[in-house]
Amino acid sequence: MDLAALRTPHNDAIGPSTLAPTTPSAPASRLGERLRSLRLAAGLTQTQVAGDRFSKEYISQIERGKTRPTPESIEWLAAKLSVDPVFLGSGVSTDLRGRIEAQLARAEALSEARRHLEAADLFAAVRVDVGATGSAELEVRALAGEAWARAEEGDAREGVELLLVARELAEGPQFSDVDRADLLFRLGVCRYKLSSIASAAALFDEALALADGSGLPCDLLRADILGWRSRCRRRQRDFEAAREDVEAALELARGSDDPRVVANTYFQASLVAERMGHWVASRNYAQQAKALYEELNDDRNVGRLMLNLGGLQMLLGRPEQAIDHLKGSFAMAVEVESQPDAAQALGSLAGVYLRLEQYDAAEENARKALALLEGREDFLDEIGQSHLVLGRALMERGRLDEAEHCFLAADAVFEQMASVGHRAGAWVARGDLAGRRGDDGEAARLYRIAAEALQDIRF
C-alpha cells in the first residue's frame, strides 16, 4: 500500500543561461571569494584573468558577489586559473562531489531495499558533507531521501520537517516544476500518513498541476500522485473521484516500462473497487498486482496483496480461504521483518474470527496487532479498528467494562484522524454495549448521533 520504491529527485532542470546583476547572495559571494583567492595565489590581476573575453569590471563584480557567471564562464575562468571548474563553482572538488553522490546513491539503494533506518542514518550523515558543498541540488536530494526513509520508519512528522526545508530550497532557478512536484508529492504522502487527509489531497492537487504544466516527461510521477490522491478520495468516501483518479493512474502506468508502478496502481484499483462493492473486479485487480510483485520478487507487497485478497474472500463468503490468505500474509510479513504489515494481518484475522464467533481467537489476534502498532501514529485506522474488534470480542464474552474501555479507545483514535465516519462505527459499538447493559435510552442516543453524523458523509 505504501510506495514500493524510493523516488529519486528529477534533477533535469537547466539553470539560467544569461547573466543578470543581482544583489549579493551567499553562493555568489562564496564563489567570488574563491575566484579572488585563486587569482591572488596565481599572481594575476583582474585584467589578466579577464583577458580578451571579459572586462576587469566584470571580474570585480564576480569577486564582490554582485553577479554569478554562467557554467560556461566558470569553466573558462577555471581553465585560466588552472583549477577544477567544479571546485571554482561550488567550493568542492570533483572527487569529493563524486564521493558524496556515491553515498547518496547507496542511501537510496538502502531505502529501495526497505532498509529505511539505515538509509535515514546515511542520508543524515551525508547531509553534513553536502552542506559544505553549497550545492542546493545535493541538499534537496539528501533531504528528500531522508524524509522518505523517516516516514517509512513511522516518523512522518520528521519527514514533513525535512521536506519543508527541501521545498524552500527547490524554489531556486536550478530546479524544475517536476522537482517541485516531486517534493509536494512526498509531503502529501507524509501528511496522509499523519491522517491529515484534506491537507494531503491539496498537496497532491498542487503537485499534479505542476507536473502537468511542466512540459517535461514525468508520467511515472503523475501516476504515483494520482494513486495517492485516490487514497485520499477513498478516505473522504468520494469513491467516484477515487475511481477516476485510479483509472487515470492506470492509463499512465500501463504506458510506462515500470512494472512496479503498474503493480502499485493495480493495487489501488483493487482497493477502490472493493470500497465500491465490486468485489470480483477488486479480486481481479489484486491478482494482477500480485503476479507482477511476484515477478519482481517483492515479497512484502505480495504479502500485502494476500492481506487484501483475504479480506475479499471474507466478503465473498469464504472465511476459510480468508484465514489461509491472512495467515500467509502474516508469515510473509514476519519473513521480511515488517512489523506494521504483520500487525495488519493479525488485525484482519481478528476481524474474521469475530465474524465466525470465535471470540477467544479474535481477542488474541487483536491484542497482538495492537501491541505491534503501539506508538505508530501512521497506522491510526488499523489501531482503531483493532480496538473495536477487541471490544466486541470482549462484549460477546460478557466482559462489558473492558469492552467499554476498548470502544472509548477506538473513538479517541478516530477523533485523532478527524474521521466522522470512523467515529460513527465507535458510537454504534458503544450503543450496542449500552443495549447489553439494558440502557436503551443511552443506546438510542448513541445510535442517533452515529446516524446524524453519517448523513453528512458522501457515499
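Throughout what follows, the structure given in this document is the object of discussion. (Residues numbered from 1 in each chain as written. Predicted model: local features only at pLDDT ≥ 70, side-chain atom pairs only at ≥ 80, totals over all residues. Heavy atoms only, no water.)

With that settled, the discussion passes to the overall build of the protein chain. In terms of helices and strands, the protein chain carries 23 helices and zero strands. Along the first, second and third principal axes, the C-alpha atoms of the protein chain reach 95 × 45 × 35 Å. Out of the 459 residues in the protein chain, the part that is buried amounts to 51%. Partitioning the contacts of the protein chain with sequence separation of at least 6, the portion at a separation of at least 24 is 61%. Looking at the protein chain as shown, the accessible area adds up to about 20,800 Å², and 49% of this sits on carbon and sulfur atoms. Within the protein chain, the 73 negative side-chain charges are centred at a point lying 2 Å from the centre of the 56 positive side-chain charges. (Helix = DSSP H or I, 4+ residues; strand = E, 2+ residues; numbered from the N terminus. Buried < 20%, exposed > 50% of the residue type's maximum accessible area, 1.4 Å probe, protein only. Contact = heavy atoms within 4.5 Å. Areas by Shrake-Rupley, 256 points an atom, 1.4 Å probe, with all protein chains shown as cover. Lys, Arg positive; Asp, Glu negative; His and termini not counted. Charge placed at Lys NZ, Arg CZ, Asp CG, Glu CD.)

To continue, consider the environment of Ala429. Looking at the secondary structure, you find Ala429 in helix α22 (residues 420-436). Considered as a pair, Ala429 and Asp324 are 105 residues apart in the sequence and their alpha carbons are 28 Å apart. Aside from chain neighbours lying at most four places away, what touches Ala429 is Leu388, Arg392 and Phe407.

Between helix α21 (residues 400-416) and α22, the shortest axis-to-axis distance is 8 Å and the interhelical angle comes to 165°. Judged by the angle between their axes, α21 and α22 are roughly antiparallel. Here the hand of the crossing between α21 and α22 comes out left-handed. Between α21, through Leu400, Ala403, Glu404, Phe407, Leu408, Asp411, Phe414 and Glu415, and α22, the contact on the second element is made entirely by His422, Arg423, Ala426, Trp427, Ala429, Arg430 and Leu433. In the contact of α21 with α22, the residues fall into nine nonpolar, one polar and five charged. (Axes fitted to C-alpha atoms, helices over the stretch in contact; angles between N-to-C directions. Parallel < 35°, antiparallel > 145°, perpendicular 65-115°, else oblique. Left-handed = near helix turned anticlockwise from the far one by under 90°. Nonpolar A, V, L, I, M, F, W, Y, C, P; charged D, E, K, R; others polar.)

Under the 1.5 Å per step criterion, the end-to-end length of helix α14 (residues 259-275) is 25 Å for 17 residues, consistent within 8% with the ideal 24 Å. For α14, a buried count of 14 out of 17 residues is recorded, marking the element as mostly surrounded by other parts of the structure. Positive phi appears at Gly277, one or two residues downstream of α14, with a value of about 85°. (Expected span 1.5 Å × (residues − 1).)

Let us look at the packing of aromatic side chains. What the rule picks out here adds up to six aromatic pairs. Taking the centre distance of 5.0 Å and the plane angle of 40° together, the rings of Phe54 and Tyr58 count as tilted. No difference in accessibility class separates Phe54 from Tyr58, as the two residues are buried. For the ring pair Phe185 and Phe204, a centre distance of 6.1 Å and an interplane angle of 45° mean the geometry is tilted. Separated by 19 residues along the polypeptide, Phe185 in helix α10 (residues 177-193) and Phe204 in helix α11 (residues 197-213) bring together distant segments of the chain. Owing to a relative accessible area of 0%, Phe204 belongs among the buried residues under this scheme. These aromatic residues form a ring-pair network of at least three members: Phe54, Tyr58 and Trp76. (Phe/Tyr/Trp six-rings, centres within 6.5 Å; stacked < 30°, edge-to-face > 60°.)

Opposite charge on two side chains allows them to pair when their charged atoms are near. Using the criterion set out here, one finds 38 salt bridges in the structure. Linked through salt bridges whose partners overlap, the residues forming this network are Asp360, Glu363, Arg367, Arg397, Arg399 and Glu402. (Salt bridge = Lys/Arg side-chain N within 4 Å of Asp/Glu carboxyl O.)

Inspection of the secondary structure puts Gln174 in the loop between α9 (156-169) and α10. Classification of Gln174 by relative accessible area gives partly exposed; the value is 25%. For the pair Gln174 and Leu312, spaced 138 residues apart in sequence, the C-alpha to C-alpha distance is 48 Å.

With that settled, the discussion passes to α21. Over its 17 residues, α21 extends 25 Å from the first C-alpha to the last, a length consistent with the 24 Å expected when each residue adds 1.5 Å. Where α21 is concerned, the buried positions are Ala403, Cys406, Phe407, Ala409, Ala410, Asp411, Val413 and Phe414. Those residues of α21 that are buried lie in contact with α20 (380-396) and α22. Once α21 finishes, Ala418 follows within two positions and takes phi at roughly 55°, a positive value.

Turning to unusual backbone geometry, a few remarks are in order. A positive phi is found at Ser82, a non-glycine position, where the angle reads about 60°. For Ser82, a relative accessible area of 67% corresponds to the exposed category. Backbone geometry places Arg237, a non-glycine residue, at a positive phi of 65°. Within the element layout of this structure, Arg237 appears in the loop between α12 (219-235) and α13 (239-254). Judged by relative accessible area, Arg237 falls into the partly exposed class, the value being 22%.

Keep in mind that these numbers describe shape and distance, not what the molecule does.
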